[in-house]
Amino acid sequence: MSKSSPSTSLRLDRFLATVTDYSRSEAKRLIKNGDITLDGEVLSDPRQSVDADADVRLRGQSLRSAEPRYFMLNKPVDYVCAARDRRHLTVLDLLDEDNPERLHVAGRLDIDTTGLVLLTDDGNWSHAITSPKKQCWKRYWLRTAEPIDASAVARFTKGVFLKDDKLRTQPAELEIIGPCEARLRLSEGRYHQVKRMFGALGNAVVELHREAIGDIELDEALAEGEYRPLTTTERDSVWSDG
Ligand code: URA
């Protein structure tokens, strides 16, 4: 029995974008097409609120599974974190599981980023990781094109302005471990955030690897492309406040 997860209400379009790999705009289109139902009724308003554990259906198919599943995967380069892609393999192609299409990624990585990816069919759980309000920490190892100036530590602590974003980034912890090598801990998950933060300093990230999400560390026994179920301790760590 999984530890009971706090139930959250979400806008319908956000709910669909959380529990599936459809984007918000694709979700809106599905809603407009009348493809989304709850208790047999068509849901037509993307702004309507639904419980994160509601049995919302897409063309009659439940988006929930009987027993929620939780996996960690060591993502190789050249795989995309999406349900389908016309040109690339997706992380779901690495899974040998029933109904892999019901799983979604809790916190995407870019195609050229490696490391920890969490997959689940529990929308409440992934929301606790990806919701900006939860400020879940992620730790990355990275290599840069140019040497990292020591002043980057203070600049990232203070926050930097990313191109096209109005808000300064939240305080982030940078540990410089070599001239062009560092670890970065972030509590946000903005689009291409690590690369854009270094871009704001006039540097470029040439290798990026996610080592941890909250208290869940990438299992060193997993080779690139391998995955395993989360332990109950890893799964439940998402609900702790620390
Ligand atoms: N930040 C990035 O720039 N890319 C990722 O894949 C993850 C975080």
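Just so we're clear, the structure is a prediction, and the values are computed from it rather than from any experiment.

Visitor: Sorry if this is basic, but what is going on with the overall build of the protein here?
Guide: Across its full length, the protein holds 6 helices and 17 strands. A globule of 242 residues ought to have a C-alpha radius of gyration of about 18 Å, and the protein, at 19 Å, matches this closely. Dimensions of the protein, computed from the C-alpha atoms along their principal axes, are close to 60 × 40 × 40 Å. Expressed as a percentage of the 242 residues in the protein, the buried residues total 46%. Long-range pairs, those at least 24 residues apart, make up 65% of the contacts in the protein between residues at least 6 apart in sequence. Accessible area of the protein: about 13,000 Å², with a carbon and sulfur share of 47%. The positive charge centre, built from 36 side chains, and the negative charge centre, built from 41, are 7 Å apart in the protein.

Visitor: So what exactly am I meant to see when it comes to the packing of helix H1 (residues 12-19) against helix H2 (residues 24-32) here?
Guide: At their nearest, the axes of H1 and H2 sit 8 Å apart, and the two run at 120° to each other. Two packed elements cross with a definite hand, and for H1 against H2 that hand is right-handed. Residues Leu12, Asp13, Arg14, Leu16 and Ala17 of H1 lie in contact with H2, whose contacting residues are Arg24, Ala27, Lys28 and Ile31. Residues that form the contact of H1 with H2 fall into these classes: 5 nonpolar, no polar and 4 charged.

Visitor: I keep staring at the layout of surface pockets and nothing clicks. Help me out?
Guide: Regions of empty space are outlined by a rolling probe, equal in size to a water molecule, passed over the atoms. Roughly 1,500 Å³ of volume is contained in the largest pocket. Forming the walls of the largest pocket are 50 residues, and the residues nearest its centre are Gly107, Arg108, Thr130, Gly189 and Arg190. At the level of elements, strand S1 (9-11), H1, strand S10 (104-105), helix H3 (123-130), strand S12 (138-144), helix H5 (193-200) and strand S15 (205-213) are the ones that each hand at least two residues to the lining of the largest pocket. The dominant element in the lining of the largest pocket, judged by the number of residues it contributes, is H3, at 4 residues. Here the residues of the lining of the largest pocket are counted per class, giving 19 nonpolar, 18 polar and 13 charged.

Visitor: Help me understand the pairing of strand S7 (residues 70-75), please; the structure alone is not making it clear to me.
Guide: The side chains of a regular strand alternate, first on one face of the sheet and then on the other. Of all 6 residues in S7, 6 are buried; the element is thus mostly enclosed. Going residue by residue along S7, you find Tyr70, Met72 and Asn74 tucked away on one face and Phe71, Leu73 and Lys75 tucked away on the opposite face as well. Here S7 pairs with strand S17 (residues 227-229) via 3 bridges, running antiparallel. Residue leucine 73 lies in a different strand from S17, and its bridge partner there is tyrosine 227.

Visitor: I'm lost on the pattern of salt bridges in this one. Help?
Guide: Any two side chains of opposite charge can pair if their charged atoms end up close together. On inspection of all chains with the given rule, the structure shows 22 salt bridges. Lysine 163 is paired through a salt bridge with aspartate 164; the nearest N and O atoms lie 3.9 Å apart. In terms of burial, lysine 163 and aspartate 164 fall into one category: exposed. Notably, a salt bridge pairs glutamate 188 with arginine 190, separated by 3.1 Å at the nearest N-O pair. For the residue pair glutamate 188 and arginine 190, the accessibility class agrees, reading buried in each case. What you see here is one network of salt bridges that share partners, running through Arg11, Asp13, Arg24 and Lys28.

Visitor: Help me understand the confidence of the model for the protein in this model?
Guide: Detailed reading of the predicted coordinates is not advisable wherever pLDDT falls low. Averaged over every residue, the pLDDT of the protein is 91; the share at 70 or more is 95%. Scored below 50 in pLDDT, residues 1-6 shows 9 contacts in the model against residues more than four places distant or in partner chains.

Visitor: Where do I start with the site of the ligand in this structure?
Guide: Inspection of the region around the ligand gives Leu109, Asp110, Thr113, Tyr140, His192, Gln193, Val194, Lys195 and Leu208 as its neighbouring residues. Glutamine 193 places a polar main-chain atom, nitrogen or oxygen, 3.5 Å from a nitrogen atom of the ligand. One of the backbone N or O atoms of valine 194 is found 3.1 Å from a nitrogen atom in the ligand. When residues in the shell around the ligand are grouped by element, the largest group, 3 residues, is from H5.

Visitor: Just checking my understanding: could you explain the state of the cysteines for this structure?
Guide: Here, the word disulfide means a covalent bond between the sulfur atoms of two cysteines. For the structure on display, the rule yields 0 disulfides. Free cysteine cysteine 81: the closest other cysteine sulfur is in cysteine 136, separated by 15 Å.

Conventions used here
- Residues numbered from 1 in each chain as written.
- Predicted model: local features only at pLDDT ≥ 70, side-chain atom pairs only at ≥ 80, totals over all residues.
- Heavy atoms only, no water.
- Helix = DSSP H or I, 4+ residues; strand = E, 2+ residues; numbered from the N terminus.
- Rg over C-alpha atoms; globule rule 2.2 N^0.38 Å.
- Buried < 20%, exposed > 50% of the residue type's maximum accessible area, 1.4 Å probe, protein only.
- Contact = heavy atoms within 4.5 Å.
- Areas by Shrake-Rupley, 256 points an atom, 1.4 Å probe, with all protein chains shown as cover.
- Lys, Arg positive; Asp, Glu negative; His and termini not counted.
- Charge placed at Lys NZ, Arg CZ, Asp CG, Glu CD.
- Axes fitted to C-alpha atoms, helices over the stretch in contact; angles between N-to-C directions.
- Left-handed = near helix turned anticlockwise from the far one by under 90°.
- Nonpolar A, V, L, I, M, F, W, Y, C, P; charged D, E, K, R; others polar.
- 1 Å grid on protein atoms, 1.4 Å probe; cavity = no way out; pocket = protein on both sides within 12 Å on 5 of 7 lines; lining within 4 Å.
- Points joined across faces, edges and corners; volume = space filled by probe spheres on them.
- Pairing = 2+ DSSP bridges.
- Salt bridge = Lys/Arg side-chain N within 4 Å of Asp/Glu carboxyl O.
- pLDDT = per-residue confidence, 0-100.
- Near = heavy atom within 4 Å.
- Polar contact = N/O pair within 3.5 Å; in protein donor to acceptor, adjacent residues only side chain to side chain.
- Disulfide = S-S within 2.5 Å.

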